[in-house]
Amino acid sequence: MAAGYVSQQALVEALAERGVSIDVRQVRRWESDTPPWPYVGAQQALTELLGQDIEALGFTPPVGHDRTLTSRRARIPHLRASVQNSATMQPSSASADYLAVTRAHRRLYWSVAPTVLHPAVSAHAVLGEALLPATAGATRQALAGALAESFLLAGRIEFFDLREPQQAGETWLRALQAAGEADDSLLGAAVLAHMAFVPGWGGDRDGAAERMVMARTYARRGPASAEFLAWLDAVEAECETRCGRTRTALNLIAHGEDVLAGGSEHASPEWMDWFSAVRLAAFKGNTQLIAGHLPQARETLLNVLHALPADADKQRTVILADLAAVEAAAGAPEAACAFAVRALEQLETHWYATGVERVREARRALTEWQHEECVRDLDDRLYGWAATLSALTR
């Protein structure tokens, strides 16, 4: 029960996945006062699924049995079992309880300040790591999946909100390890795609491309939805854009649009709450801006701005800043400053490091007009006491 198998049949099915063919009657015999000694393959499977060595499960070796042989065959391939035996096994409800908090953190990400939320998410991940050795079987798999989600969220905060790419990369590596424990290919693909942002934003195209190949490989192993596959295109497109290959990026975005239009029989994972057709268009608008396609970028970004949901405050900041950059590139400083000021107003209530970075990029594009009154007014907002201290302390 602690391992998450709520019936004898559930254990039979879990054993079958590991090549152990038995029926419910055999499980009933194993649960009796004098259970028969399992053969070596069953011993290995039971040790892995239930997180206990074979004798701790209540089996008595037959007379003359070589205990060393049993230990060598059944325990060495699953070293985590020895760790589990040293801790009190958690009940099967542990994974559901842990996941409930993970889900709450995921929802809070869109409204809670990153410096407030990040310590809570990180502490929750540490708790998950501590609980994992005290679980087994289906409970362990579910807990590992929730732990991977927590590390993924912590890394997203570090990368996008706090601009700590090195720390984010390390956190996402731990997320990938947890996804491996959960044997969740889609979660692994999501983590690997996020890891591509680190080299991609640093201009390392080869590093980003390698991680994207990994991400797409893992995505093929799971029931990837159209949204998931389009998001992979969007991530790769952003990395290509950052590396100066806007034509390739626009082709990837066009492919993502086609994938979304074609749909899929598979639903997106519950944890994938950061992407939609509107957000794909946001990627497109930024790429069009960097490619110098200003009329197209303006149209795309204005459409995104009007289509964003009410709670998309972080994304709204980025779109406003990109529109400011579009107008600056088009030689319209007053319009650029107006969009930049609106972005700063958003940042006063919903801090987002990526949004601040985009506003600063737009301001750099206004250097030619830095003595104009509208640009000076923008500087007063951008470098006011509150904004300056906020930027330096966050």
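We now turn to the structure provided with this report. (Residues numbered from 1 in each chain as written. Predicted model: local features only at pLDDT ≥ 70, side-chain atom pairs only at ≥ 80, totals over all residues. Heavy atoms only, no water.)

**What about the nonpolar core?**
Counting residues in each nonpolar core, the largest one holds 97 residues, and the members touching the most others are F228, W231, W274 and F275. It is helix α8 (residues 137-161) that provides the largest number of residues to this core, a total of 12 residues. (Core = buried A, V, L, I, M, F, W, Y, C linked by side-chain atoms within 4.5 Å. Buried < 20%, exposed > 50% of the residue type's maximum accessible area, 1.4 Å probe, protein only. Helix = DSSP H or I, 4+ residues; strand = E, 2+ residues; numbered from the N terminus.)

**Re a negative patch on the surface**
Among the surface-exposed residues, E334, E372, E373, D377 and D380 lie close enough to one another that they form a single negatively charged patch. Take the negative patch: its biggest share by element is three residues, from helix α19 (residues 373-382). Note that E373 resides in helix α19. (Patch = residues over 30% accessible without salt bridge, like charges linked within 9 Å, V, L, I, M, F, W, Y side chains within 5 Å. Areas by Shrake-Rupley, 256 points an atom, 1.4 Å probe, with all protein chains shown as cover. Salt bridge = Lys/Arg side-chain N within 4 Å of Asp/Glu carboxyl O. Lys, Arg positive; Asp, Glu negative; His and termini not counted. Charge placed at Lys NZ, Arg CZ, Asp CG, Glu CD.)

**Topic: the pattern of salt bridges**
Taken as a whole, this structure holds 23 salt bridges when the rule is applied. The closest approach of N and O atoms between E257 and K284, which form a salt bridge, is 3.1 Å. In this pair, E257 is assigned in helix α13 (residues 246-262) and K284 in helix α14 (residues 277-291), connecting sequence segments 27 residues apart. Assessed through its relative accessible area of 31%, E257 is described here as partly exposed. The closest approach of N and O atoms between R381 and E348, which form a salt bridge, is 3.3 Å. Taken together, the positions of R381 in helix α19 and E348 in helix α17 (residues 333-349) put the pair 33 residues apart, joining distant regions of the chain. Judged by relative accessible area, R381 falls into the partly exposed class, the value being 31%. The exposure class assigned to E348 is exposed, which follows from its relative accessible area of 57%. Here the salt bridges do not stand alone but share partners, grouping R163, E238, R242, D322, E357 and R358 into one network.

**Regarding the side chain of S150**
Along the chain, the position of S150 falls in helix α8. For S150, a relative accessible area of 1% gives the class buried.

**Observations concerning the packing of aromatic side chains**
Think of a pair of aromatic rings as described by two things: how far the centres are apart, and how the planes are tilted against each other in angle. Considering all chains together, one arrives at 13 aromatic pairs under this definition. Pairing F228 with W271 gives two aromatic rings, centres 6.4 Å apart and planes at 80°, and the pair type is edge-to-face. Here W271 lies in the loop between α13 and α14 and F228 lies in helix α12 (residues 226-242), a separation of 43 residues in the sequence. Summarising the burial analysis for this pair, F228 and W271 share the class buried. Taking the ring centre of Y218 as reference, the NZ or CZ of R221 above it sits at 4.5 Å. In this structure, R242 is placed above the aromatic ring of W201, and the distance from its NZ or CZ to the ring centre is 3.9 Å. (Phe/Tyr/Trp six-rings, centres within 6.5 Å; stacked < 30°, edge-to-face > 60°. Lys NZ or Arg CZ within 6 Å of the ring centre and 35° of its normal.)

**Things to note about the environment of L294**
Turning to its location among the elements, L294 is positioned in helix α15 (residues 294-307). The class of L294 is buried, set by a relative accessible area of 17%. Taking the C-alpha atoms as reference, L294 lies 9.6 Å from A325; in sequence the two are 31 residues apart.

**Topic: helix α6 (residues 93-108)**
Between its terminal C-alpha atoms α6 stretches 23 Å, which fits the 22 Å expected from 16 residues at 1.5 Å a residue. All buried positions along α6 are accounted for by A94, S95, Y98, T102, H105 and R106. Looking down the long axis of α6, one finds its buried residues gathered within 105° of arc, a one-sided arrangement. Among the exposed residues of α6, those pointing more than 90 degrees away from its buried face are D97 and R107. Residues of α6 that are buried in the fold lie against α7 (114-131) and α8. (Expected span 1.5 Å × (residues − 1). Arc of directions from axis to C-beta. Contact = heavy atoms within 4.5 Å.)

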